[in-house]
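# Examining the three-dimensional arrangement
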Amino acid sequence: MRHLIDIMDLSTTEIDDMIRVAKDIIAEPAKYSHICSGKKLATLFFEPSTRTRLSFEAAMYELGGNVLGFSEAQSSSAAKGESVADTIRTVGAYADIIAMRHPKEGAPVVASAKSTVPVINAGDGGHNHPTQTLTDLLTISREKGRLNNMTVGLCGDLKFGRTVHSLITAMSRYENVRFVLISPDELRIPEYLKYEVMVKKGLDFIETTDLEGAMPELDILYMTRVQRERFFNEQDYLRLKDSYILTPDKLTNAKEDLSILHPLPRVNEISVAVDDDPRARYFEQVRNGKFIRMALILKLLEDAK
Ligand code: NCD
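The following refers to the structure shown. Note that the structure is predicted; figures quoted are calculated from it, not measured.

## Remarks on the overall build of the chain
Secondary structure summary: the chain contains 10 helices and nine strands in total. In terms of overall dimensions, the chain is globule-like: its C-alpha atoms have a radius of gyration of 19 Å, near the 19 Å expected for 305 residues. Projected onto its principal axes, the C-alpha coordinates of the chain cover approximately 55 × 45 × 40 Å. Looking at the chain as a whole, 55% of its 305 residues qualify as buried. A fraction of 74% describes how many contacts in the chain between residues 6 or more apart in sequence connect residues 24 or more apart. The average position of the 39 basic charges and that of the 44 acidic charges among the side chains of the chain differ by 4 Å.

This is the structure:
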């Protein structure tokens, strides 16, 4: 059984194929509108979500399939103490594919080991978020026409931001991608990522605290929210939450064809005044999330046949 737990579960060829399918869906949606008729997607969200859950659900509806699930742990038997493994076995009796979000790192791996249907990790704690990365890759591919030869700035909470971890891992496989990692000292990328992925593969990267200094060289600026729910201490969160606020004046030295991305939700880190700048692409990124998840559902259901 094929699952998507970590972005490395997919080869670059498979990712490229999915991006191609997503672009075809965008061009000719009617071709795909009945393809999953009779199939069910379960969305099991043990943690809050707007875009990820609703884009999965919209994706399945647009493929002609149906959706069931829950959007908070409290409304499932997890509240009575049921294990993730038992929940997954149960849902596998009702659904053909499962998208699951959980606050505990590793919960989707445990779930997939017990599952009779494909499991998709829709975010596990501060660890990984492979379907956001597929969304980001589709967005970068549509904006730039390529996934190689570029400088990618990632800014904000690089320590707890799971979207950052999966995106760096994914982009480490494309040629000549340079990373500029912009964060306060306390929120730098985890050591395991730095050494096991970046240093080991000989990637070109720098760590800095200076967003404006880095701006002129960036092709992509990926802003992130400081992940309040992962902090042990509220005081630390309050001190760090507004470390970076992107405003129009900070973009004066940016490239004309910069793409500004953000997985959203945004709190303070991008001023709403930036939304009108043609380089702000985060709401387009939101739209791409549905199309790439349609391509992913199709692929995993096909592989499960
Ligand atoms: C992200 C997440 O859940 O990790 N959101 C998303 O899925 N689009 C980012 C975040 O919550 O900050």
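Still more ground to cover, so stick around.
## Observations concerning helix H4 (residues 107–114)
Among the residues making up H4, those that are buried are Ala107, Pro108, Ala111 and Ser112. For H4, the arc enclosing every buried residue in end-on projection is 130°, short of the 170-degree limit, so these residues lie on one face. Buried-residue contacts for H4 involve helix H3 (84–91), strand E3 (97–102) and strand E4 (119–124).

## Some details on the packing of aromatic side chains
One pass over the full model with this rule turns up four aromatic pairs. Pairing Phe231 with Tyr237 gives two aromatic rings, centres 5.8 Å apart and planes at 70°, and the pair type is edge-to-face. Tyr237 matches Phe231 in its accessibility class, with the two residues each being buried. Each member of the aromatic cluster is reached from another via a ring pair, and the members are Phe160, Phe231 and Tyr237. The cationic tip of Arg293 hangs over the ring face of Phe56; the distance from NZ or CZ to the ring centre is 5.1 Å.

## Topic: the pattern of salt bridges
Across all of its chains, the model carries 29 salt bridges by this definition. Of the charged contacts in the structure, one is a salt bridge between Arg162 and Glu47, with a shortest N-O distance of 3.1 Å. Residue Arg162 is found in helix H6 (residues 162–171), and its partner Glu47 is found in the loop between strand E1 (40–45) and helix H2 (51–62); the two are separated by 115 residues along the sequence. As far as burial versus exposure is concerned, Arg162 and Glu47 are alike and both buried. We note a salt bridge from Lys299 to Asp303, for which the minimum N-O separation is 3.0 Å. Taken together, the residues span about one helical turn, with Lys299 and Asp303 both in helix H10 (residues 282–303) at a distance of four residues. The exposure class of Asp303 is partly exposed, given its relative accessible area of 36%. Ionic contacts of the salt-bridge type, sharing partners, join the residues Arg2, Glu14, Lys299 and Asp303 into one network.

## Remarks on the site of the ligand
Lining the immediate environment of the ligand, one finds Thr52, Arg101, His129, Gln132, Arg162, Thr163, Arg225, Gln227, Pro263, Leu264 and Pro265. A distance of 3.1 Å separates an oxygen atom of the ligand from a polar side-chain atom of Arg101. Within the contact set of the ligand, an oxygen atom lies 2.8 Å away from a side-chain nitrogen or oxygen of Gln227.

## Observations concerning the sheet that holds strand E9 (residues 259–261)
One open sheet holds the five strands; their spatial order is E7-E6-E5-E8-E9, and the pairing between them is parallel. In this open sheet, the two edge strands, each paired with only one partner strand, are strand E7 (204–208) and E9. Neighbour to neighbour, the strand axes of the sheet diverge by 15° on average, direction disregarded. Where strand E6 (residues 177–182) meets E7, five bridges bridge the pair, whose relative direction is parallel. Bridge assignment links Ile182 to a residue of E7, and that residue is Thr208. Together, E6 and E7 form the strand contacts of helix H7 (residues 191–199), whose direction differs from that of E7 by roughly 155°.

## Quick notes on the nonpolar core
Judged by nonpolar contacts, the single largest core of 57 residues is most densely connected at Leu154 and Phe179. Among the elements that line this core, the one with the most residues is H10, at nine residues. If we skip the residues at most four places from it in the chain, Phe179 touches Val152, Leu154, Ile168, Met171, Ser172, Met198, Leu203, Asp204, Phe205 and Ile206. The next biggest cluster of nonpolar side chains, apart from the first, holds 20 residues, and it includes Met223, Leu251, Ile270 and Tyr282.

Parameters at a glance
- Residues numbered from 1 in each chain as written.
- Predicted model: local features only at pLDDT ≥ 70, side-chain atom pairs only at ≥ 80, totals over all residues.
- Heavy atoms only, no water.
- Helix = DSSP H or I, 4+ residues; strand = E, 2+ residues; numbered from the N terminus.
- Rg over C-alpha atoms; globule rule 2.2 N^0.38 Å.
- Buried < 20%, exposed > 50% of the residue type's maximum accessible area, 1.4 Å probe, protein only.
- Contact = heavy atoms within 4.5 Å.
- Lys, Arg positive; Asp, Glu negative; His and termini not counted.
- Charge placed at Lys NZ, Arg CZ, Asp CG, Glu CD.
- Arc of directions from axis to C-beta.
- Phe/Tyr/Trp six-rings, centres within 6.5 Å; stacked < 30°, edge-to-face > 60°.
- Lys NZ or Arg CZ within 6 Å of the ring centre and 35° of its normal.
- Salt bridge = Lys/Arg side-chain N within 4 Å of Asp/Glu carboxyl O.
- Near = heavy atom within 4 Å.
- Polar contact = N/O pair within 3.5 Å; in protein donor to acceptor, adjacent residues only side chain to side chain.
- Pairing = 2+ DSSP bridges.
- Axes fitted to C-alpha atoms, helices over the stretch in contact; angles between N-to-C directions.
- Core = buried A, V, L, I, M, F, W, Y, C linked by side-chain atoms within 4.5 Å.

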